[in-house]
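Listed below, chain by chain, are the residues.
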Amino acid sequence: MSMSIRAMQCFVAVVSAGSISRAAAALHVAQPALSLLIRNLEEDLGVVLLHRSARGVAPTTAGTRLLAHAREILGRIDAARADVREDLTAPRGTVSLAMSMSMAKLVAVPLLRFSLAHWPGVYLKIIESSTGYIPGFVSSGHADLGLTFSDDAAVDLRFQHLIDEELVVVSPPPPRTRAKPRAVELDALPTMGLQALAELPLVLPGNPHSLRRLLDHYQQQEHAAFRVIAEANAIPQLIELVQAGLAHTILSYEAVRAEAMRGDVVLHRIKKPRMTRPVYLCRSDVLPVSMAASAVADQVSRIIVDGRPPA
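Remember, predicted model here, so these are calculated numbers, not experimental data.

Chemist: Looking at this structure, how should I read the environment of Ser 35?
Modeler: Note that Ser 35 resides in helix H3 (residues 31-45). Each C-alpha atom, one on Ser 35 and one on Pro 205, is 52 Å from the other, the two residues being 170 residues apart in sequence.

Structural data, given as structure tokens:
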């Protein structure tokens, strides 16, 4: 059986180097021995893994597939090695966390600050993505943890409900107040009813964006019809359009709190009904989770539930 850990390590090294000779030098093995190992691997699998030419080597379609599997398997082996060596007081290893842009604005800075101060052995990888892709990242092992707004994506994941974050109306400020810092605590915000909201020109994310699906649900539930004049999926785009005075939008409070404090936008709470969306932390229910990932999960939960950076 040629599909050994060593064979996978060598195959990854050859593809990364683009040359068997360069990979042999990096691995400190003889080039003929490395070439034989790759050929034995190809014979074992019954496929050609590398296109060979005078300029070097490149993976075939089968080789590209094997490369993805090999990197994931080797990453899991590294995680297992780190997991059994560490203890709860000093977690170590790589932890990847997938989240949306709005959650990254709340979580990324305090999490990395805490990690650098308390977990010198932890290497954080923050993956910013649409929430629709995040469960798949966690299911496949490309992310250890994920923050999502739904808990019905996959049966092989475990979801922990953290909070229900409030949605607010984001509006352009009057010109005379632009760029004036202000206090914008959620409880102190002025309110806006659904009828007044329905009269505003809105720019919202398009379907199948999770926020748009939620807002459509509220419209159906309350028999309301929003006046949507344009669509944009990225939060910075939505905020920029509001700042330009072109429209209003609806976002989570945390996604726009900093801009409101600078006076770039004006916020209103929505009343009758108050609009919220759930936030879940998901992890695999079938793949092992390292102690480092568990520690990061606990800290992410504290940051989100507290709504402020940890001490």
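Chemist: Quick question: what am I supposed to make of the nonpolar core here?
Modeler: Across soluble globular proteins, you tend to see nonpolar side chains buried next to one another. The biggest cluster of nonpolar side chains holds 35 residues, and the ones touching the most others in it are Leu 197, Phe 226, Ile 250, Leu 267 and Met 275. Core analysis: the next-biggest nonpolar cluster, separate from the first, contains 26 residues, Leu 111, Leu 147, Leu 162 and Ala 295 among them.

Chemist: Can you walk me through the packing of aromatic side chains in this structure?
Modeler: Following the criterion strictly, the structure yields two aromatic pairs and no others. Here the aromatic rings of Phe 114 and Trp 119 are separated by 5.2 Å at their centres, their planes lie at 75°, and the arrangement is edge-to-face. For Phe 114, a relative accessible area of 16% corresponds to the buried category. Between Phe 159 and Tyr 280 the ring centres are 6.2 Å apart and the planes differ by 85°, which places this aromatic pair in the edge-to-face class. Within this pair, whereas Phe 159 is found in strand S6 (residues 157-171), its partner Tyr 280 is found in strand S12 (residues 276-284), the two being separated by 121 residues in sequence. Assessed through its relative accessible area of 13%, Tyr 280 is described here as buried. It is Arg 277 that lies over the ring of Phe 149; its NZ or CZ is 3.6 Å from the centre.

Chemist: Looking at this structure, how should I read the pairing of strand S11 (residues 266-271)?
Modeler: Remember that side chains alternate between the two faces of the sheet whenever the strand is regular. Along S11, five of the six residues are buried, which leaves the element largely enclosed by surrounding structure. Pairing between S6 and S11: four bridges, direction antiparallel. Opposite Ser 171, over in S11, you have Val 266 as the bridge partner. Examined bridge by bridge, strand S7 (residues 191-193) and S11 share three bridges and lie parallel to one another. Bridge pairing links Met 192 to Ile 270 in S11.

Chemist: Explain the pattern of salt bridges here, please?
Modeler: When charged atoms on two side chains of opposite charge get close, those side chains can pair. The tally for this structure, following the rule as stated, stands at 12 salt bridges. Between Arg 277 and Glu 165 there is a salt bridge whose closest N-O contact spans 2.5 Å. Taken as a pair, Arg 277 in strand S12 and Glu 165 in strand S6 lie far apart in primary sequence, 112 residues in all. With relative accessibility at 5%, the residue Arg 277 sits in the buried group. The partner of Glu 166 in a salt bridge is Arg 274, and the shortest N-O contact between them spans 3.3 Å. Of this pair, Glu 166 sits in strand S6 while Arg 274 sits in the loop between S11 and S12, and the two are 108 residues apart along the sequence. Several salt bridges converge on common partners, so that one network encompasses Lys 105, Glu 259, Arg 262 and Asp 264.

Definitions and limits used
- Residues numbered from 1 in each chain as written.
- Predicted model: local features only at pLDDT ≥ 70, side-chain atom pairs only at ≥ 80, totals over all residues.
- Heavy atoms only, no water.
- Helix = DSSP H or I, 4+ residues; strand = E, 2+ residues; numbered from the N terminus.
- Core = buried A, V, L, I, M, F, W, Y, C linked by side-chain atoms within 4.5 Å.
- Buried < 20%, exposed > 50% of the residue type's maximum accessible area, 1.4 Å probe, protein only.
- Phe/Tyr/Trp six-rings, centres within 6.5 Å; stacked < 30°, edge-to-face > 60°.
- Lys NZ or Arg CZ within 6 Å of the ring centre and 35° of its normal.
- Pairing = 2+ DSSP bridges.
- Salt bridge = Lys/Arg side-chain N within 4 Å of Asp/Glu carboxyl O.

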